[in-house]
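# Analysis of the macromolecular model
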Amino acid sequence: VAGANDLKVKFLRDGKEYMAYGKKGDTLLDMIINNELDFDGFGACEGTLACSTCHVVLKKDVFDKLPNKACDEELDMLDLAYGLTDTSRLGCQIEMTEELDGIEVEVPASTFDAR
Ligand code: FES
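Thresholds, definitions, all that
Residues numbered from 1 in each chain as written. Predicted model: local features only at pLDDT ≥ 70, side-chain atom pairs only at ≥ 80, totals over all residues. Heavy atoms only, no water. Salt bridge = Lys/Arg side-chain N within 4 Å of Asp/Glu carboxyl O. Helix = DSSP H or I, 4+ residues; strand = E, 2+ residues; numbered from the N terminus. Buried < 20%, exposed > 50% of the residue type's maximum accessible area, 1.4 Å probe, protein only. 1 Å grid on protein atoms, 1.4 Å probe; cavity = no way out; pocket = protein on both sides within 12 Å on 5 of 7 lines; lining within 4 Å. Points joined across faces, edges and corners; volume = space filled by probe spheres on them. Nonpolar A, V, L, I, M, F, W, Y, C, P; charged D, E, K, R; others polar.

Looking at an unreviewed UniProt entry, one finds the chain named 2Fe-2S ferredoxin-type domain-containing protein and attributed to Ramazzottius varieornatus.

### A few points about the pattern of salt bridges
On inspection of all chains with the given rule, the structure shows eight salt bridges. Residue K10 pairs with E104 through a salt bridge whose shortest N-O separation is 3.6 Å. You can see K10 sitting in strand β1 (residues 7-13) and its partner E104 sitting in strand β5 (residues 103-106), a full 94 residues away along the chain. With a relative accessible area of 27%, E104 lands in the partly exposed category. We note a salt bridge from D64 to K60, for which the minimum N-O separation is 2.9 Å. Residue D64 and its partner K60 are both found in helix α2 (residues 60-65); the two are separated by four residues, about one turn of the helix. Overall, D64 belongs to the partly exposed group, its relative accessible area being 43%.

### Overview of empty space enclosed by the protein
Counted under the stated rule, the structure contains one cavity of 30 Å³ or more. A volume near 30 Å³ is recorded for the largest cavity. Taken together, L29, G43, C45, G47, L49, A50, C51, C54, L90 and C92 form the lining of the largest cavity. In terms of residue class, the lining of the largest cavity is built from eight nonpolar, two polar and no charged.

Below, the structure is given as structure tokens:
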């Protein structure tokens, strides 16, 4: 059903699990905000690619099936993130699709605000 929050993501942060629900087109940042997850400092620039606080780490298979690859601006910001990995992305740049329903997303507890 269009508009229903029928897609879910399990966020892992600091040893805890958080379920979030959203709809197609929501970014991971949207889901964290809409589900009122209290991730201190996350998403400081509100998705404008000006910080790196929305750094997330994905499993390889999830990383590989993301519909969009990181643009240059995202890569520049990722370079500034703490604990960068080969499967790191910025959460504000990942939009939910049906294929991503049920994924697990690791949120590093330490963030760096590049602003
Ligand atoms: Fe700042 Fe994603 S929220 S780059």
